[in-house]
Amino acid sequence: MSLCYFNEYENLPQEKRRGRPIYLDNHATTAVDERVVEAMLPYFSKQFGNPHSGNHFYGWEAAEAVELARAQVADAINAAPDEIYFTSGATEANNLAIKGVARFYRDKKNHIITCVSEHMCVLDTCFQLENEGNRVTYLQVDSDGMIDLDALKDAISEDTVLISIMTVQNEIGVIQPMAEIGAIAHENKVLLHSDAAQALGKILLDVKAMNINLMSITGHKVYGPMGLGALYVSNKPRVRLKPIFSGGGQERNLRSGTLPAPLCVGFGKTCELAVAEMPAEAERLQKMRDGVIEKLTSELDGILINGGMEHRVSGNLNISIEGADAESLMAALPDLAMSSGSACSSASEESSYVLQTIGLSDKMAETSLRIGLGRFNTENEVEYAAERLIEEITNVREGRKKISAAE
Ligand SMILES: *Cc1c(COP(=O)(O)O)cnc(C)c1O
């Protein structure tokens, strides 16, 4: 079932290698698990009904499948099924949560607290809300990438309606202390939203224990389909939102639009698998990730890890490599699919703002690589990747030395 063709690489010069690069970019997206594909397939063909068609069997059948999926999603984060609203992904869920709350409560309270290393879909939403008259505080992070809880407490005022802090950072993998943040929010009667796109299936999520009122998740970061995610909205306390879409009033008037039943079914299965396999998977990924660190740092100098190691998801590694810019390195490593510090969304050439928030210079950010290990990576692949990295880092560094000697 492995999706990688590692064996085809063996004993072949690079230009002759068939098959595909080893995929080490599981924070960008993930392959859909075969078991999820299998669960979805009937809903694309024979069981194709519109889940909102209340008049006949096709609709009832699709609706039943969607409601089962909703319960599976709810279970994964300890929510109730009627607290789950399907969306097109985490971008939409983040927009709906933050704009929805800000616009509903603006006349009473208009201050929002978030953090400088949030995903751009959260930051850009906040910029938009500032234009609409909200006040936004952007908390700094320390060199590990963690927010300061005292700074959070200090930022809260009578006027604060919402705190939005991501559970797991998508570039450096650090985990914010959501339960502590939740306790602070609760004490101050402020709503708490969290972008948990990178957390689902990687750490335990419990919206009740963490006092989280709104949570965004998405399928394609956890071996589920692209184009389907969810927003959790707590019933108790009841959180009110102004919808973004106008339309038929699906999803209890919060998110108009026909639900894609096959994707909902897939996301339900995704959530079930993610939670069931998390403990063993986290351990396996950590072993492989720590193996890469060990190999790189024992053979090379000038390898710096970006972001703290203490509170970090197990499949994430983000490093800066002195004397080897990431673009040259990736060009020399077409057999590995990784992401550079300047990558992410991007049309823009700017180096990662996230790495800047933890104090990296532009120059060091340009030498940074993000390696995201996932469910379908094998030990063989990861060992091979570490060896190739060592080989090409050495080559790039030596090439630079030669150039500077010739100058
Ligand atoms: C991928 C990602 C998103 C966007 O999710 P989509 O489902 O692709 O819209 C938001 N936040 C974080 C932290 C992410 O990693």
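Residues numbered from 1 in each chain as written. Predicted model: local features only at pLDDT ≥ 70, side-chain atom pairs only at ≥ 80, totals over all residues. Heavy atoms only, no water.

Peer 1: Go over the overall build of the protein chain with me, naming the residues and quoting the values.
Peer 2: The number of helices and strands found in the protein chain is eleven helices and 13 strands. Put simply, the protein chain has 407 residues, and 53% of those count as buried. Here the protein chain carries 38 positive and 57 negative side-chain charges, and the mean point of each set is 5 Å from the other. (Helix = DSSP H or I, 4+ residues; strand = E, 2+ residues; numbered from the N terminus. Buried < 20%, exposed > 50% of the residue type's maximum accessible area, 1.4 Å probe, protein only. Lys, Arg positive; Asp, Glu negative; His and termini not counted. Charge placed at Lys NZ, Arg CZ, Asp CG, Glu CD.)

Peer 1: Tell me about a negative patch on the surface, and name the residues and values.
Peer 2: Negative charge collects at one region of the surface, where D142, D144, D148, D154 and E310 lie side by side. As for its placement among the helices and strands, D144 is situated in the loop between strand 4 (135–139) and helix 5 (149–155). (Patch = residues over 30% accessible without salt bridge, like charges linked within 9 Å, V, L, I, M, F, W, Y side chains within 5 Å. Areas by Shrake-Rupley, 256 points an atom, 1.4 Å probe, with all protein chains shown as cover. Salt bridge = Lys/Arg side-chain N within 4 Å of Asp/Glu carboxyl O.)

Peer 1: Run through the packing of aromatic side chains, naming residues and quoting values.
Peer 2: Using the criterion set out here, one finds five aromatic pairs in the structure. Both rings, one in F104 and one in Y105, keep their centres 5.1 Å apart while their planes meet at 65°; by these two values the pair is edge-to-face. A relative accessible area of 32% places F104 in the partly exposed class. With relative accessibility at 16%, the residue Y105 sits in the buried group. (Phe/Tyr/Trp six-rings, centres within 6.5 Å; stacked < 30°, edge-to-face > 60°.)

Peer 1: Describe the sheet that holds strand 9 (residues 303–305), listing the residues and the values that go with them.
Peer 2: Strand pairing in a sheet is mediated by backbone hydrogen bonds. Such pairs are either parallel or antiparallel. Read across the open sheet, the four strands follow the order 9-10-13-12; overall the sheet is antiparallel. Strands with a single pairing partner mark the edges of an open sheet, and in this sheet they are strand 9 and strand 12 (339–340). Sitting on the sheet, helix 7 (residues 261–299) is in contact with strand 9 and strand 10 (316–321), with an inclination near 15° to strand 10. (Pairing = 2+ DSSP bridges. Contact = heavy atoms within 4.5 Å. Axes fitted to C-alpha atoms, helices over the stretch in contact; angles between N-to-C directions.)

Peer 1: Explain helix 2 (residues 57–76) residue by residue, including any values.
Peer 2: With 20 residues, helix 2 extends 29 Å between its outermost C-alpha atoms, agreeing within 8% with the 28 Å of an ideal straight helix rising 1.5 Å per residue. Along helix 2, the positions that sit buried rather than exposed are G59, E61, A62, A65, V66, A69, R70, Q72, V73, A74 and A76. Where helix 2 is buried, its residues meet strand 2 (84–87), strand 7 (214–218), strand 8 (229–233) and helix 7. The first or second residue beyond helix 2 is N78, which carries a positive phi of 60°. (Expected span 1.5 Å × (residues − 1).)

Peer 1: Give me the lowdown on the nonpolar core, citing residues and values where you can.
Peer 2: Residues I77, F86, I163, L200, M215 and F267 are the most contacted members of the largest nonpolar core, which totals 63 residues. With seven residues, helix 7 is the single largest residue contributor to this core. Mapped onto the domain boundaries, this core takes at least three residues apiece from domain 1 (2–30 + 277–406) and domain 2 (34–273). Leaving out residues up to four positions away in the same chain, F86 has contacts with V66, A69, R70, V73, L228, G229, A230, E251, R255, L259, C264 and F267. Core analysis: the next-biggest nonpolar cluster, separate from the first, contains 29 residues, L24, L300, A324 and I390 among them. (Core = buried A, V, L, I, M, F, W, Y, C linked by side-chain atoms within 4.5 Å. Domains from an automatic or database assignment.)

Peer 1: Before we move on, could you go through the environment of D290 and cite the residues and values that matter?
Peer 2: Here D290 is to be found in helix 7. Note on D290: relative accessible area 31%, which makes it partly exposed. Spatially, the C-alpha atoms of D290 and V222 are 21 Å apart, while their sequence positions differ by 68 residues. A distance of 2.8 Å separates a polar atom in the side chain of D290 from a polar atom in the side chain of R289. (Polar contact = N/O pair within 3.5 Å; in protein donor to acceptor, adjacent residues only side chain to side chain.)

Peer 1: Quick one: what's the story with the confidence of the model for the protein chain, residue by residue and with numbers?
Peer 2: For the protein chain, mean pLDDT is 93; residues scoring 70 or higher make up 93% of the total. Throughout residues 1–8 the model reports pLDDT below 50, and contacts reaching past four residues in sequence, or to other chains, amount to 15 contacts. (pLDDT = per-residue confidence, 0-100.)

Peer 1: If you had to explain the packing of helix 7 against helix 11 (residues 379–406) to someone new, which residues and values would you point to?
Peer 2: Running from N to C, helix 7 and helix 11 point in directions that differ by 25°, and their axes come no closer than 10 Å. By the criterion of interaxial angle, the relationship of helix 7 to helix 11 is roughly parallel. Between helix 7 and helix 11 lies a crossing of right-handed hand. Touching M288, V292, K295, L296 and E299 of helix 7 are E379, V382, E383, A386, E387, L389 and I390, all from helix 11. For the contact of helix 7 with helix 11, the residue count by class is seven nonpolar, no polar and five charged. (Parallel < 35°, antiparallel > 145°, perpendicular 65-115°, else oblique. Left-handed = near helix turned anticlockwise from the far one by under 90°. Nonpolar A, V, L, I, M, F, W, Y, C, P; charged D, E, K, R; others polar.)

Peer 1: I'd love a proper account of the pairing of strand 10, names of residues and values included.
Peer 2: Extensive coverage of strand 10 is indicated by the burial of six of its six residues. Of the pairings in the sheet, the one linking strand 9 to strand 10 comprises three bridges and is antiparallel in character. Opposite L304, over in strand 10, you have S320 as the bridge partner. Of the pairings in the sheet, the one linking strand 10 to strand 13 (residues 368–372) comprises five bridges and is antiparallel in character. Bridging from a neighbouring strand, I319 pairs with L369 of strand 13.

Peer 1: How would you summarise the site of the ligand if you had to cite specific residues and measurements?
Peer 2: Lining the immediate surroundings of the ligand are 13 residues, of which T91, D195, Q198, T218 and K221 lie closest. T91 has a polar side-chain atom sitting 2.6 Å from an oxygen atom of the ligand. H220 is positioned with one of its side-chain polar atoms (N or O) 2.8 Å from an oxygen atom of the ligand. Look at the ligand: alone it shows 380 Å² of surface, and the protein chains cover 88% of it. (Near = heavy atom within 4 Å.)

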